[in-house]
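Here is how the chains run, residue by residue.
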Amino acid sequence: MYLSFFSCLFTYICILLAVAFFTLFERKGLSYIQIRKGPNKVGLAGLPQPLADAAKLLTKEVAKPTMANYSPYFAAPIFSFILALLLWQLYPSAFSVSYFKWGVLFFLCVSSLNVYGTLLAGWASNSKYALLGSLRAIAQTISYEISMALILLFPLFLIKSFSFSKIMESQEWIWLAFLMAPAAFLWFVTCVAETNRAPFDFAEGESELVSGFNIEYGSVGFALIFLAEYANILVMSLFSSVLFFGGTEMFILSSDIVTMMKVLFFAFLFIWLRASYPRFRYDLLMGITWKGFLPAALVFLLLILVSLFMQM
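Note that the structure is predicted; figures quoted are calculated from it, not measured. (Residues numbered from 1 in each chain as written. Predicted model: local features only at pLDDT ≥ 70, side-chain atom pairs only at ≥ 80, totals over all residues. Heavy atoms only, no water.)

Engineer: Please explain the overall build of the protein chain as it appears in this structure.
Structural biologist: The number of helices and strands found in the protein chain is twelve helices and zero strands. Ordered by position in the sequence, the α and β elements of the protein chain form the string α-α-α-α-α-α-α-α-α-α-α-α. When its C-alpha atoms are laid out on the principal axes, the protein chain stretches across 65 × 45 × 45 Å. Classification of the 312 residues of the protein chain by burial places 47% in the buried group. By element, 73% of the accessible surface of the protein chain is carried by carbon and sulfur atoms, the whole surface being about 16,100 Å². (Helix = DSSP H or I, 4+ residues; strand = E, 2+ residues; numbered from the N terminus. Buried < 20%, exposed > 50% of the residue type's maximum accessible area, 1.4 Å probe, protein only. Areas by Shrake-Rupley, 256 points an atom, 1.4 Å probe, with all protein chains shown as cover.)

Okay, here's the thing in structure tokens:
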């Protein structure tokens, strides 16, 4: 019991540190890609910048909008942050105390609840900008969840297991991305849309919604929303690696090192997309999933089921 508790505590501390320095990695990466200066004033080469940002946000006064519904207003960031941390319990590490046998189902259940944190934040702020931003994010998230669930069935049918560790171990000789490259591509684009990242960040349209659903948040509330967003980016990068680029033998230290290198690569792709593409139109975004990703996922899934049926 104590071992499990301290293992979870250590995992969460490492996640918070990873999220903090991922923000620095993103700002440095964007500055290099866009040929401009990044954060470099705080400490040596700007490395303590995440600590300075945390100190600034956590010491600011907590604003209370007059018209806000206080209970859900303060509960929404906490709820989103807890859900983001829960997904990291599925990380198939060599140091994990236990493994979820039905990890994929747990992932679908928790990830589908993320939309409620956005809904609460937008509605409880009692602001038209926040409400419109949350409605955009809800429609986008629910639409892409359908495609994500269908694409997630691809490795499940091939591996015949709901365990992330089994899916990872089964790719020791060949990655599933080589067997189903279109599905891997659709999965990654869906992850970008699910996390509301550029070029699909319609919950935060500066020209019409300012900062979207989190416009009324500052101080600790904004910090929790910020941490939840970046923790989701890292965890989706992790699952992209496990589902389609797994492979190394479990229960050894080198497997964690290789996995983290893959996660870093996918996280950099999020940054690269943000630096390279402008924001889409909203109707084009919704058209991609309903007219493109959903039919493609169904056709690919049908082909896999037919091939499995013929092998029986």
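Engineer: Whenever I open this one, the UniProt feature "transmembrane region" (unreviewed entry) in the protein chain confuses me. Can you help?
Structural biologist: If you check UniProt for "transmembrane region" (unreviewed entry), the listed places come out as residues 6-25, 73-91, 103-125, 137-158, 173-193, 222-245, 251-273 and 293-310 in our numbering. Helix makes up 74% of residues 73-91 and strand makes up 0%, while its end C-alpha atoms are separated by 30 Å. Along residues 222-245 the backbone is 100% helical and 0% strand, and the end-to-end C-alpha distance reaches 33 Å. (UniProt positions renumbered as here; feature names shortened; annotations may be inferred.)

Engineer: What am I meant to see in the packing of helix α8 (residues 181-194) against helix α10 (residues 219-245) here?
Structural biologist: Angle between the axes and distance between the axes: these two values describe a pair of packed helices. Where α8 meets α10, the axes come as close as 10 Å, and the angle between the chain directions of the two elements is 170°. Judged by the angle between their axes, α8 and α10 are roughly antiparallel. Side by side, α8 and α10 meet where Ala183, Ala184, Trp187 and Cys191 of the first sit next to Met236, Phe239, Ser240, Leu243 and Phe244 of the second. When its residues are assigned to classes, the contact of α8 with α10 shows eight nonpolar, one polar and no charged. (Axes fitted to C-alpha atoms, helices over the stretch in contact; angles between N-to-C directions. Parallel < 35°, antiparallel > 145°, perpendicular 65-115°, else oblique. Contact = heavy atoms within 4.5 Å. Nonpolar A, V, L, I, M, F, W, Y, C, P; charged D, E, K, R; others polar.)

Engineer: When you look at unusual backbone geometry in this model, what are you seeing that I'm missing?
Structural biologist: Across residues other than glycine, the phi torsion is negative in most instances, and most of the peptide bonds are trans. Cis rather than trans, the peptide bond between Ala198 and Pro199 has omega equal to 5°. Counting through the fold element by element, Pro199 comes out in the loop between α8 and α9 (206-209). One non-glycine residue, Asn196, lies in the positive phi region at around 55°. By the secondary structure assignment, Asn196 is in the loop between α8 and α9. The buried category is assigned to Asn196, whose relative accessible area is 14%. With phi around 55°, Ser219 is a residue other than glycine that occupies positive phi space. Exposure remark for Ser219: the relative accessible area of 1% places this residue in the buried category.

Engineer: Quick question: what am I supposed to make of the nonpolar core here?
Structural biologist: Grouped burial of nonpolar side chains is what soluble globular proteins tend to show. Judged by nonpolar contacts, the single largest core of 65 residues is most densely connected at Trp88, Phe107, Phe164, Trp187 and Phe244. Counting residues per element, this core draws most heavily on α10, at 13 residues. Ignoring any residue separated from it by four or fewer positions in sequence, one finds Phe107 in contact with Leu87, Leu90, Met148, Leu152, Phe164, Trp187, Met236 and Phe239. In terms of nonpolar packing, the next biggest core, distinct from the first, is built from ten residues, Ala76, Ala121, Ala124 and Ala203 among them. (Core = buried A, V, L, I, M, F, W, Y, C linked by side-chain atoms within 4.5 Å.)

Engineer: Sorry if this is basic, but what is going on with the layout of surface pockets here?
Structural biologist: Over the atoms, a rolling probe the size of a water molecule traces out where space has been left empty. For the largest pocket, the calculated volume is near 910 Å³. Around the largest pocket, the lining comprises 35 residues; the ones closest to its centre are Thr23, Leu57, Phe222, Phe226 and Tyr230. Those elements that place two or more of their residues in the lining of the largest pocket are α1 (2-33), α2 (49-59) and α10. Residue contributions to the lining of the largest pocket peak at nine residues, all from α10. Of the residues that constitute the lining of the largest pocket, the class distribution is 20 nonpolar, four polar and eleven charged. (1 Å grid on protein atoms, 1.4 Å probe; cavity = no way out; pocket = protein on both sides within 12 Å on 5 of 7 lines; lining within 4 Å. Points joined across faces, edges and corners; volume = space filled by probe spheres on them.)

Engineer: In this structure, what is going on with empty space enclosed by the protein? I would like to understand it.
Structural biologist: Scanning the entire structure with this criterion turns up two cavities of 30 Å³ or more. Considering only enclosed or pocket space, the largest cavity measures out at about 400 Å³ in volume. Asn114, Thr118, Glu194, Asn196 and Asn232 are the residues nearest the centre of the largest cavity, which is lined by 24 residues in total. Taken together, the residues that form the lining of the largest cavity break down as twelve nonpolar, nine polar and three charged.

Engineer: I keep staring at the side chain of Ser161 and nothing clicks. Help me out?
Structural biologist: Locating Ser161 in the fold gives a position in the loop between α5 (128-159) and α6 (164-169). For Ser161, the side chain forms a polar contact with the main-chain nitrogen of Ser163, separated by 3.1 Å. Excluding anything up to four places from it in sequence, Ser161 contacts Leu156, Lys166 and Ile167. (Polar contact = N/O pair within 3.5 Å; in protein donor to acceptor, adjacent residues only side chain to side chain.)

Engineer: Please explain the pattern of salt bridges as it appears in this structure.
Structural biologist: With the rule as written, the count across this model stands at six salt bridges. In this structure, the salt-bridge partner of Glu229 is Arg197, at a minimum N-O distance of 3.6 Å. Taken together, the residues span a long stretch of sequence, with Glu229 in helix α10 and Arg197 in the loop between α8 and α9 at a distance of 32 residues. You can call Arg197 buried: its relative accessible area is 3%. (Salt bridge = Lys/Arg side-chain N within 4 Å of Asp/Glu carboxyl O.)

Engineer: It is not clear to me how a nonpolar patch on the surface should be interpreted in this structure. Could you clarify?
Structural biologist: Where nonpolar side chains cluster on the molecular surface, the patch consists of Phe79, Leu113, Tyr116, Leu119, Trp123, Leu131, Leu132 and Leu135 and spans about 730 Å² of accessible area. When residues of the nonpolar patch are traced back to their parent elements, those giving at least two are α4 (103-124) and α5. A per-element tally of the nonpolar patch places α4 first, with four residues. Note that Trp123 resides in helix α4. (Patch = residues over 30% accessible without salt bridge, like charges linked within 9 Å, V, L, I, M, F, W, Y side chains within 5 Å.)

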